[in-house]
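In case you want the letters, here they are:
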Amino acid sequence: MPNVPRTVPEKPKNRKKVLTRLWRYLYQYKWHLLAALLLTFSSNLLALIGPTLSGRAIDAIGVKAGGVDFQTVIFYCILMIIFYALSSLLSYILSVLMIHLSQKVVYQMREDVFHRLSLLPIRYFDSHQTGDIVSRISYDIDTVNASLSNDLLQIATSVITVGGSLLMMLMLSPPLVLVFAVTIPISIFFTRYMTQKVRPLFRNRSIKLGELNGFVEEVITGQKTTKAYHQEETMIRRFDRKNKEAVDAYYNADYYGSMTGPCVNFINNLSLALISMFGALLFLFGKLSLGNLSSFVLYSRKFSGPINEIANIISELQSACAAAERVFRLIDEPTEPEDMPDAVSLDSVHGHIAMEHVKFGYDPGKTIIHDLNLDARPGSLVAIVGPTGAGKTTIINLLMRFYDPDSGSICLDSHPIQTITRKSLRLAYAMVLQDTWLFHGTIFENIAYGKKGATLDEVIAVAKAAKIHDYIRRLPEGYDTILNEDGMNISQGQKQLLTIARAMLLDANMLILDEATSNVDTRTEIQIQEAMRALMRGKTCFVIAHRLSTIQNADTILVVQNGEIMEQGSHQDLMLRGGLYAGLYRSQFQ
Amino acid sequence: MRTIFRYLKPYVPRMSLGLFIKFIGTIMDLLLPWILSYMIDDVVPQERISLILLWGGVMLLCSAAAVITNIVANRMASWVAQHTTEAIRHDLFTRISYLSCKQIDDFTIPSLESRLTTDTYNLHQMIGMMQRLGVRAPILLLGGILVTLTLEPVLSLVLLAVLPLIGLLVFAVSRKGIPLYGNLQQGIDSMVRTVRENIAGIRVIKALSKTEYEQNRFSHVNEEVVRREKKAGITMALTNPLMNLFLNIGLTMVILVGAWRVNAGLTQPGKILAFLTYFTIILNAMLSITRMFVMYSKGSASASRIHEVLSTPADLAVLEVPGAASDSHIEFQHVCFSYQKKEDTLYDINFRLKRGETLGIIGATGCGKSTLIALLMRLYDRDSGEIRIDGQPVESIPPHELHTKFGVVFQNDVLFADTIAANIDFGRELGQEAIEKAAACAQAKEFIDALPDGFSHRLTAKGTNVSGGQKQRLLIARALAGNPEILILDDSSSALDYKTDSLLRRALRSQYAKTTTIIVAQRISSILHADHILVLEDGKEIGYGTHEELLETCNIYREISISQMGGDLSA
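Residues numbered from 1 in each chain as written. Chains lettered and ligands numbered in written order. Predicted model: local features only at pLDDT ≥ 70, side-chain atom pairs only at ≥ 80, totals over all residues.

- Under an unreviewed UniProt entry, chain B has the name ABC transporter ATP-binding protein and belongs to Bianquea renquensis.
- Per UniProt, chain B has the following entry under Subcellular location (unreviewed entry): "Cell membrane". (UniProt positions renumbered as here; feature names shortened; annotations may be inferred.)

- By the naming in an unreviewed UniProt entry, chain A goes by ABC transporter ATP-binding protein and is assigned to Bianquea renquensis.
- Per UniProt, chain A carries the Subcellular location (unreviewed entry) text "Cell membrane".

Examining the environment of B:E485
Residue and element names in this part refer to chain B.
1) Next: Summarising the element assignment, E485 is placed in the loop between α16 (468–481) and β7 (486–490).
2) Next: In this structure, the C-alpha to C-alpha distance between E485 and T516, residues 31 residues apart in sequence, is 6.3 Å.
3) Next: When neighbours within four sequence positions are excluded, E485 is seen to be in contact with K405, T515 and T516. (Helix = DSSP H or I, 4+ residues; strand = E, 2+ residues; numbered from the N terminus. Contact = placed C-beta atoms within 7 Å.)

Overview of the UniProt feature "transmembrane region" (unreviewed entry) in chain B
1) Next: Following the UniProt record, the feature "transmembrane region" (unreviewed entry) maps to residues 20–40, 52–73, 133–151, 157–174, 237–260 and 272–294 of chain B here.
2) Next: As a span, residues 157–174 of chain B carries 100% helix and 0% strand, and end to end its C-alpha atoms are 27 Å apart.

Some details on the interface of chain A and chain B
1) Next: Listed as interface residues are 128 residues of chain A and, on the opposing side, 136 residues of chain B.
2) Next: A per-element tally of the side of chain A that touches chain B places helix α3 (residues 70–119) of chain A first, with 23 residues.
3) Next: Partitioning the side of chain A that touches chain B into residue classes produces 67 nonpolar, 44 polar and 17 charged. (Nonpolar A, V, L, I, M, F, W, Y, C, P; charged D, E, K, R; others polar.)

Some words on helix α2 (residues 12–43) of chain B
1) Next: When the terminal C-alpha atoms of α2(B) are compared, their 43 Å separation across 32 residues agrees well with the 46 Å that a helix rising 1.5 Å per residue should span.
2) Next: The sharpest bend along α2(B) measures roughly 25 degrees and falls at B:L31, with the proline B:P33 sitting one to four residues further on. (Expected span 1.5 Å × (residues − 1). Bend = angle between axes of the 7 residues up to and from the residue.)

With respect to the sheet that holds strand β6 (residues 429–432) of chain A
All names here are of chain A.
1) Next: Strand order in the open sheet made by the six strands is β6-β9-β10-β3-β11-β12, with mixed pairing throughout. Across the chains shown, the open sheet's two edge strands, defined by having one partner strand only, are β6 and β12 (564–569). Sheet twist, expressed as the mean angle between neighbouring strand axes with direction ignored, is 15 degrees.
2) Next: Alignment of strand β9 (residues 510–514) against strand β10 (residues 540–544), held across five bridges, turns out to be parallel. Bridging across to β10, M510 finds its partner in T540. (Pairing = 2+ DSSP bridges. Axes fitted to C-alpha atoms, helices over the stretch in contact; angles between N-to-C directions.)

Structural notes on the nonpolar core
1) Next: The biggest cluster of nonpolar side chains holds 89 residues, and the ones touching the most others in it are A:A57, A:V73, B:M39, B:I255 and B:F275.
2) Next: The biggest single contributor to this core is helix α10 (residues 260–284) of chain A, with twelve residues.
3) Next: The contacts of A:V73, once residues within four sequence positions are left out, are A:A57, A:A60, A:I61, A:V68, B:L256 and B:A259.
4) Next: Residues A:Y429, A:V432, A:I468 and A:I544 belong to the second largest nonpolar core, which totals 78 residues. (Core = buried A, V, L, I, M, F, W, Y, C linked by C-beta atoms within 7 Å. Buried ≥ 20, exposed ≤ 12 C-beta atoms within 10 Å, placed from the backbone.)

Structure below.
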């Protein structure tokens, strides 16, 4: 979503645990951390000494003309410049150090998340939204990052500044410090008031803006439909409502939010007024030198700044904790179970699949495959038919062990598939799916993806067989053309041909075709039939198809409906039975 | 920016009042250090406690006045920003709603979206901030300089010497830094893309055991992001320490020069003290002004993007073209069209339909089927030829009248986050009866009734909580509900199984017999009963006739039929 102000996240549930884990990431770089602390300390200390030095200089100037002690003034001025320069230098080094430190942590976190992600079972991806996973690896980790690099330092700086200024002011004039007995409670009260009052308002602002964004996305995407039904007015009315809500929420947040600046300013001014008044009195009674008063004024400015900052930092830390918790929750997701210790790695596969009494459901208690028996001899063709969303893909999920059955057994070449390493089991299949998957890379890389060290000649050979070579050759960069999601003029059908070429390059003995040619137009489909046949020859094939004509010669046809296998048999058997399949087949021609 | 000023115009009196109040508040802020210096240099030597208390009281009053006026002014500014933004957004959305499809294609949908959201949001922020800081910062800066000049001209010059340095620094660093952040954003984009790719392709990756390969690929992207972020961060990190350094050097110089001046009797130490406070104020004002510049440049970029849309001239004007009486309901004559005005998307299309007839259009992906529909509905203007409805050229029919003739389901059409009834009704206030009748005919009633809350079931955005087939049935119901003269189904039964598809066709024949229907399909079975079938290839008409005629005359049609229906070619 474009540039939505960050939402205020929910409070983390077990903050302590999260903090300990965050600390463990940091602890790996403990020397960095120690150095950073030292630097913070010294650079702030140097900066704190500045006002004292300027006070001394002003004292050396004195109040009377002609009485200036130049040597002392110059001495303190030079000292001031040296101190300030050192302080700036240190704080720059510190920033650089912190950037290195936080980037190291962030790098490690992203690696950990991605590493875990690639080991998670398919179930995880089927049940979580892509946007959510992506936001954890980008947005959430960024939040942690921002908090690490800014807030930690801010806290250290604030503590040192507040403590140091207080100490300095106490040394300068204890009675004058009493001024803060008035202003600090005001600050604290104000901060608490603001956080309680304003935070929900800001949250509401983000929510309303998010809703507006969602509405706009929805309507603009569907603008053709709106036009076709001439409903522009209706949409504008609805938009106005959303718009009003959004600007109102913004105003409400602003109404209180815009108090912050003036109020902080007021507290500062109040301190200044009180200090001036009492300082002048003290000066009058000879309890305070002019230079000390000046130092005191400068310290007081330093002192009240961070107190207001702290409220912000605390809320930022809270959101960082919540973000870190989301990241850790992903890292803690259980992976696919390990292969059995004595799992075999099959080198050559005949392709004999036997399913016996397989029972399976995605959710416990909702069984969708009750008792599936299937014997697919090497080189046979098994077709799975049924309406969209009927659960045809479930069988594929079980074959490739993306999911494990609840009971029953699946054997490959009479090895139960649980006793085979996942790697060798999955490599025994070549597959072409309906959702073509191509990644950001060259056409060559995309076709050669499944076969290590494939040569250009091999790739060209399969591209020719898949009838996509001519198209590729006509591209200015040929096989080095980089595929990207938006720019290229590549159709769904062409994408599917590329994935067919990819499957052709694998020397697997079993083949899964899940609506492999659904987006290829009929004429091209006829043209690549030859290649498809060559691809299927001698392999055990599992084919999911919409068009019944393509699978009439299958050895076994499974008819699936509502996730259940309703019928099983050859085309002739099923037509004779006159059941669901026969009905589906006939309805094609009605 | 001029567009924005036009929107601000009605609020000028209110804004002026707000700015005036702000002005007073700012002056109060400026008075404080001046009073401090006056107290030390003039009041204290008089040694009268009551006077000190008096002036201290004045300072307190000034502080209170400052906080009240500033808050009031800020709220007025927020009010103006709120109303301006609301108006701008309304106009922008209205304009976008009436853009022609071609104009939308030119802008692109994501770009329009971000103009409506991010850009108006930037404007909102800018209008508020400019009113708050636009007065305050310059006054603090100028006023600060002015007061210091009256206090002590020579010391002021010392101070003024530092300011350009700070300005230069901020300018130089941000000029270097901002492109670096652009780079970083690209790096992050490619990281996110890698993650998305992996999630989308998880089955393929696992099937081919490429997990390790993907992990390495991610590491590279990750390293690149870290490298860019470090570079940008380290560059920008220069600003603060350097700025502090400049400021503090200036401060030291004030004291040093001040020492000479005091020695020569030209100034008093109280003034130096006040100076130090003004210095902080001036520096903060400088910071605000740099922030305003960033804000302004962001805002004016957004403003010009918004202006671009608002100033787009209306397209597809209604032309006064005389019609001719005709017995055809829909008529295409020698129609040619191309999107980019280079290669023809459609070339020389001809057909005629009588009222109540059905036309089937079939052809490969990208052959121009959907374009033909868009031309008929005048979402685009054809380049040459004639398109007529009831003898009237479509260009001469007002859009409202034209579009209410149609009920249409586009390829990949959308459902909105609303109830099922509202999605079928789609703002036309058709009444429950019409909605239910349409749902029944579209074969959707059965599954709707099975839902716990029936027609008031809420759909999620894009209808992700219903299956593909259910979605298509709802869309068809929407198209039928208005009892259209012309029904268009563009590849909108692809997710229906054969049985539902044939039930739908039967219902259409019996209940919507007077409706002229155009069906675009990939499946022969969806169109083989049509009165006319148009076969398209690469935008050209390569066959026109009935199923039986085409089997005789059109080779490609025959090939497709054989491949989809086996040898059984009888209808």
